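Chain by chain, the residues:
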Amino acid sequence: PAALPPAPLGFTDVNLNSRNTYEVSRRRSAPEHLPHGGGTAPAAPAPSPQEPPEKARHRLGIAGAGSSFAEFFTRNFFTKRTKELKPAVQSAPGWKLFGKVPPRENLPKDSKIIQQEYEARTGRMYKPPAPSARRKNIEFEPLSTTALILEDRPANLPAKSVEEALRHRQEYDEMVAEAKKREIKEAHKRKKIMRERFKQEENIASAMVIWVNEILPNWEGMRATRRVRELWWQGLPPSVRGKVWSLAVGNELNITPELYEIFLSRAKERWKSFSETSSENDTEDAGASVADREASLELIKLDISRTFPSLYIFQKGGPYHDLLHSVLGAYTCYRPDVGYVQGMSFIAAVLILNLEEADAFIAFANLLNKPCQLAFFRVDHSMMLKYFAAFEVFFEENLPKLFLHFRSYSLTPDIYLIDWIFTLYSKSLPLDLACRVWDVFCRDGEEFLFRTGLGILRLYEDILLQMDFIHIAQFLTKLPEDITSEKLFSCIAAIQMQNSNKKWAQVFASLMKDNKEGDKNHSPAPKN
Amino acid sequence: MQKHNQKEHLYKLLVIGDLGVGKTSIIKRYVHQNFSPHYRATIGVDFALKVLNWDAETVVRLQLWDIAGQERFGNMTRVYYREAMGAFIVFDVTRPATFEAVTKWKEDLDSKLVLPNGKPVPTVLLANKCDQGIDVLMNNGIKMDQFCKENGFVGWFETSAKENININEASRCLVKHIIASESDPVQSVEPDIIKPHLNSSKIVSCSACFKS
C-alpha cells in the first residue's frame, strides 16, 4: 500500500472536475480504479517471501494454499493458531496425534484444537462436520486433502511403518514446497499486472500534466512536434480530451457562443410553431426545402432517444436529452441545406460528453464542415464513392487476401463503411475506444477514419476469411463488444497508408481527377 | 448438413420504410425472438439471417436487409436494393405521415428494382406498432385491401414487434409469393397452402393471397 502513488487519485479528481468528461471517464476509469479498490492487493502476497520458511510452510500446511486475497486474510487470521500448533506438527509424536484414534482425555490443551482441526478436515470422510467446521473445510480444501497422507490408516488396515510415515512426511513437505513455489510465482504475476496498471495510470496522470502545463499553452508551436504527436497517439487524458478536440478541429467558421444562442432560439421558435400548427404546414416561405422539413422536431426527437440508449442519459428525462436536442436543432437552423441527417446525433452526443454546450456546438459545426463529413452528410453519393474507392486502394495494399475474399462476394465498402464514417465509429465501437479513435482522427484527419476501418478488418481478418457474405456483413455491422484498444491500435498501427509512394490525400486527389469512372454503382448481390 | 433431396433457397429481402417505424425491431423479433425499446438508429444498413424449414424438401434462407429510413439516404441506399427478391414496407400506425410515405417507398422500390421477368418484387405492407391501439387507419380492412391492390402489395398485416403479432405470418406470406413467382410466374397461388398460427384477435388474413 505504501507504493500506491498519489498520482492516480489526483487524476481521478481532475476527471470529476470536468463535468463533461465525467460520463465518459466514469466508464473509462471504472476498471482503472480497481487497484484503489483493492489497495492492499499488490502488497498482499508480498510478506510471503520475507516470511521464515518454517513458519510459511506451517501456515500453508494447516491453512491450505489459497490464492485469492480474501483467503490470504483468512490465512493470516489463522497464523496465530498455527504457531501454537507448531510443536505438534513438527515433532514425530505430535503428528501422530493426527491419527484416527478416539478422543483422548489426557491430551494437552493445544491438541484439543488440533483435534478439532483434524475432525474438520477429515470429517467429510467419516461424519458430517459441524457447521463451523464445514466452513473451514471448504476454505482449506486443497491442502487439507493433501495432508491426509500424514494420517494413520484406518484401524482396519495395517498401520504405517516408521519408514513409510517418514516418506509420507517427506512427500508432504515436497508438495507443500511445490504449492508454495506456485503461489510465489502467481503472486509475482499479480504484482506485475498491478505494476503495469499503476504505470498506465501514472502515464495518464503525467500525460495530463504535460498536456495542461506544456502543450495547451503552446498549442500552435507544439501540436505538430514529434513528441506531442506520439503522446497524442497514446490517447488523450479524458480531462483534456474536449479541449484538445476543440483546438484540433478548430473554428474556421468563426462561430461564437452568441451565434449559437441565436440559432438555438431560432430553433426553439420553429419547434414552437411546429407543435402549434401541424408538421405538414406549408405556410413557411416557398424556400422551405426538404432539409427544412427534415429539421422538424419529430425527426430529431425520434433519433435522440435512439442515441446511446444504453447510457440512459440522452433519453427523454435523461440529463443530456435537452442538450442534445438543442445542439442538433441549432445546427439545422445554422445549415438548413444540410439539415439533420441520421448519424449526427451520435457525433453531437460524443461532443456533449466532452465539452460545454456552446463549445460542443462549435466543434460539431466545424467538424461537419470538413470535406469528408460534408460529403457524407450531404449524401453526395459520387463523392462517397470516391472515398470508398480510395479506401479500397489501401485495403488491397494492406490486406490483399481479405480484399479478394470480399470481392468474391461483391462485398463493397458501402455495406460497412457508411455506418462507421457517418458516426465516426461512435456507434460501432465501445465509447471509450471510439474516443481514442477520435483523438487520432483529430490529429491525422479523415485519413485516420479509413485507417481505423482497415485496422478493424485486420484485427478480424482470420475470422472474416472463414465467413460468407451475410456473416461478414452481420459481423461488420455489429462488431464484437470485447474489442480492446490495445489490440485495435496495434492493428491500426500496422496499416500502411502508403500506396506506391502515394499517400491518402494523393490517392484521393487522383481519384477525384479520374471522373470518367463516374457514378458506377457497384452494388452487393446476395451470395451464399 | 442438408438431406440430398432438399432444396435450398436463398432470398434477399428488403425491410424499408420511414425512420423510426420499427424496422429493426421487427427483424430482431423475427430472428432473435426478443424486443427492446432501446435499439439504436440504423445508419446505412444492418443485416440478419433467418433460416426457415419451409417444408420437408425445402429450406429457405432469408437475408434481411434492414435499411436506414431517412429519406435523404435514398440515393445512397438504392444500391442495396439490387437483386432483392422481396420486400417489406413498414409504417407506424401511430404516425399517419409514415403511412403517407408508403406509396413513395413503393414507387421508389418499383422504379429501381424488378424481377428478371419484369414484374415488381413481391412486397408486403406492415402496419407496425398495432399494440398501441390507434386504429385510425386500421378500422377499415376493406380500405386497406383496396389500398394494397391499387399499390401492388401482395398483402398487408397489422404487426407488433413488441407483442410479437403477425410477424411470422407476414414473412410466410411474402416467402410464399416469392416461391410462387420464382417457380412459375403464371401459376396462381393457392390461398390456403399455409395456415398461419393465429394467437391474436388482431390477425388479419393476407389480403392478397388470392391474387393471381
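Residues numbered from 1 in each chain as written. Chains lettered and ligands numbered in written order. Predicted model: local features only at pLDDT ≥ 70, side-chain atom pairs only at ≥ 80, totals over all residues. Heavy atoms only, no water.

Participant: Any chance you could explain the sheet that holds strand β1 (residues 7-17) of chain B here in plain terms?
Facilitator: Two pairing modes exist for strands in a sheet, parallel and antiparallel, and in both the strands are linked by backbone hydrogen bonds. All names here are of chain B. Sheet architecture is open: six strands sit in the order β2-β3-β1-β4-β5-β6, paired in mixed fashion. Of all strands in the sheet, those with a lone pairing partner are β2 (45-55) and β6 (155-158), marking the two edges. The average undirected angle you get between the axes of adjacent strands in this sheet is 25°. One ladder, built from five bridges, connects β1 with strand β4 (residues 86-92); its direction is parallel. Residue pairing in the sheet places Ile-16 in a bridge with Ile-89 of β4. (Pairing = 2+ DSSP bridges. Helix = DSSP H or I, 4+ residues; strand = E, 2+ residues; numbered from the N terminus. Axes fitted to C-alpha atoms, helices over the stretch in contact; angles between N-to-C directions.)

Participant: So what exactly am I meant to see when it comes to the environment of Glu298(A) here?
Facilitator: All names here are of chain A. Following the sequence through the fold, Glu-298 ends up in helix α17 (residues 297-304). Residue classification places Glu-298 among the partly exposed positions, given a relative accessible area of 37%. In the structure, Glu-298 is positioned 27 residues away from Trp-271 in sequence and 9.3 Å away in space, judged by C-alpha atoms. (Buried < 20%, exposed > 50% of the residue type's maximum accessible area, 1.4 Å probe, protein only.)

Participant: I would appreciate a short explanation of the nonpolar core in the present structure.
Facilitator: Within soluble globular proteins, side chains that are nonpolar tend to cluster in buried spots. By size, the foremost hydrophobic cluster in this structure holds 162 residues, and its most contacted members are Tyr416(A) and Leu457(A). Setting aside its immediate chain neighbours within four residues, Tyr416(A) contacts Phe391(A), Phe395(A), Phe406(A), Leu411(A), Leu457(A) and Leu476(A). Listed in part, the 29 residues of the second largest apolar core include Val60(B), Leu62(B), Val124(B) and Val175(B). (Core = buried A, V, L, I, M, F, W, Y, C linked by side-chain atoms within 4.5 Å. Contact = heavy atoms within 4.5 Å.)

Participant: Mind showing me how you'd approach the UniProt feature "coiled-coil region" (unreviewed entry) in chain A here?
Facilitator: Per the UniProt annotation, the sites labelled "coiled-coil region" (unreviewed entry) are residues 162-197 of chain A. Taken as a whole, residues 162-197 of chain A contains 100% helix and 0% strand, while its terminal C-alpha atoms sit 52 Å from one another. (UniProt positions renumbered as here; feature names shortened; annotations may be inferred.)

Participant: Teacher, can you tell me more about helix α29 (residues 485-493) of chain A here?
Facilitator: Quick reminder: α-helices carry 3.6 residues per turn. Residues three or four places apart thus point the same way. All names here are of chain A. Listing the buried residues of α29 in full gives Ser-485, Leu-488, Phe-489, Cys-491 and Ile-492. Burial along α29 is one-sided: seen end-on, the buried residues are contained in an arc of 155°. Exposed and oriented more than 90 degrees from the buried face of α29 are Glu-486 and Lys-487. Of the surrounding secondary structure, the elements contacted by the buried residues of α29 are α13 (226-233), α25 (431-444) and α26 (446-459). (Arc of directions from axis to C-beta.)

Participant: Just to check I follow, could you spell out the environment of Glu171(A) for this structure?
Facilitator: Residues and elements named next belong to chain A. With respect to the element layout, Glu-171 can be found in helix α11 (residues 162-215). By relative accessible area, which is 31% here, Glu-171 ends up partly exposed. Taking the C-alpha atoms as reference, Glu-171 lies 9.4 Å from Leu-150; in sequence the two are 21 residues apart.

Participant: When you look at the environment of Tyr340(A) in this model, what are you seeing that I'm missing?
Facilitator: Residue and element names in this part refer to chain A. In this structure, Tyr-340 sits in the loop between α18 (321-334) and α19 (344-354). Judged by its relative accessible area of 0%, Tyr-340 falls in the buried class. For the pair Tyr-340 and Ile-300, spaced 40 residues apart in sequence, the C-alpha to C-alpha distance is 7.2 Å. Within the local environment of Tyr-340, its side chain forms a polar contact with the side chain of Asp-303, the two groups lying 2.6 Å apart. (Polar contact = N/O pair within 3.5 Å; in protein donor to acceptor, adjacent residues only side chain to side chain.)

Participant: Whenever I open this one, the pattern of salt bridges confuses me. Can you help?
Facilitator: Between side chains of opposite charge, pairing is possible as soon as their charged atoms come close. All names here are of chain B. Following the criterion strictly, the structure yields 20 salt bridges over all chains and no others. Arg-82 is paired through a salt bridge with Glu-83; the nearest N and O atoms lie 3.6 Å apart. With relative accessibility at 39%, the residue Arg-82 sits in the partly exposed group. With relative accessibility at 41%, the residue Glu-83 sits in the partly exposed group. Asp-92 is the partner of Lys-129 in a salt bridge, and the nearest nitrogen-oxygen pair spans 3.1 Å. Remark: Asp-92 occurs in strand β4 and Lys-129 occurs in the loop between β5 (123-128) and α4 (141-151); sequence separation between them is 37 residues. Residue Asp-92 is classed as buried on the basis of its relative accessible area, which comes to 1%. (Salt bridge = Lys/Arg side-chain N within 4 Å of Asp/Glu carboxyl O.)

Participant: For this particular structure, what's the right way to read the interface of chain B and chain A?
Facilitator: If you look at the interface, chain B gives 36 residues, while chain A gives 42 residues. At the surface where chain B touches chain A, the tally comes to zero salt bridges. The tally of links between chain B and chain A comes to seven residue pairs in polar contact (both at pLDDT 80 or more). If you list the elements that add at least two residues to the side of chain B that touches chain A, you get β1, β2, β3 (58-67), α2 (74-77) and α3 (96-112) of chain B. Among the elements that make up the side of chain B that touches chain A, the one with the highest residue count is β2(B) (five residues).

Participant: Would you mind showing me how to read the confidence of the model for chain B here?
Facilitator: Close inspection of predicted coordinates is inappropriate for parts of the model with low pLDDT. All names here are of chain B. Chain-level pLDDT for chain B is 84 on average; 81% of the residues reach the 70-or-more range. Averaged pLDDT values for the elements of chain B fall to 82 in α2 and rise to 97 in β4. pLDDT under 50 marks residues 187-205. Its contacts with residues more than four places away, or in other chains, come to 28 contacts. The model gives residues 207-212 a pLDDT under 50, and that stretch makes 20 contacts with residues more than four places away or in other chains. For this predicted complex, the interface confidence comes out at an ipTM of 0.84, alongside a pTM of 0.70. (pLDDT = per-residue confidence, 0-100.)

Participant: How should unusual backbone geometry be read in this particular structure?
Facilitator: Leave glycine aside and you will find that most residues have negative phi; peptide bonds, for their part, are mostly trans. Residues and elements named next belong to chain B. For Glu-83, which is not a glycine, the phi torsion comes out positive at approximately 65°. In this fold, Glu-83 is placed in the loop between α2 and β4. The backbone of Asn-164 sits at a positive phi, close to 55°, despite the residue not being glycine. Relative to the helices and strands, Asn-164 resides in the loop between β6 and α5 (167-183).

Participant: Help me understand helix α30 (residues 504-513) of chain A, please; the structure alone is not making it clear to me.
Facilitator: Residue and element names in this part refer to chain A. Of the residues making up α30, those classed as buried are Trp-504, Val-507, Phe-508 and Leu-511. All buried residues of α30 lie within an arc of 95° about the axis, which places them on one face of the element. For α30, the exposed residues lying more than 90 degrees away from the buried face are Ala-505 and Lys-513. Buried residues in α30 make contact with α22 (381-398), α26, β1 (498-499) and β2 (502-503).

Participant: When you look at the packing of α22(A) against helix α23 (residues 400-408) of chain A in this model, what are you seeing that I'm missing?
Facilitator: What describes two packed helices is the angle between their axes and the distance between those same axes. Residue and element names in this part refer to chain A. Contact geometry for α22 and α23: axes closest at 5 Å, N-to-C directions at 125°. Taken together, the axes of α22 and α23 are oblique relative to one another. Of α23, the residues touching α22 (which contributes Glu-392, Phe-395, Glu-396, Glu-397 and Asn-398) are Pro-400, Leu-402, Phe-403 and Phe-406. The residue makeup of the contact of α22 with α23, split by class, is five nonpolar, one polar and three charged. (Parallel < 35°, antiparallel > 145°, perpendicular 65-115°, else oblique. Nonpolar A, V, L, I, M, F, W, Y, C, P; charged D, E, K, R; others polar.)

Participant: Where do I start with the packing of aromatic side chains in this structure?
Facilitator: The geometry of two aromatic rings is summed up by the distance between their centres and the angle between their planes. Per the counting criterion, the structure on display carries 40 aromatic pairs over all chains. Ring geometry for Trp504(A) and Phe508(A): centres 6.3 Å apart, planes at 10°, overall stacked. A residue pair is termed a helical-turn pair when its members lie 3 or 4 positions apart in one helix, as Trp504(A) and Phe508(A) do in helix α30 at four residues. Assigned by exposure class, Trp504(A) and Phe508(A) land together as buried. For Arg436(A), the ring lying beneath its charged end belongs to Phe489(A), and the centroid distance is 4.0 Å. Stacked on the ring of Tyr30(B), the Lys or Arg Lys50(B) has its end atom at 4.6 Å from the ring centre. (Phe/Tyr/Trp six-rings, centres within 6.5 Å; stacked < 30°, edge-to-face > 60°. Lys NZ or Arg CZ within 6 Å of the ring centre and 35° of its normal.)

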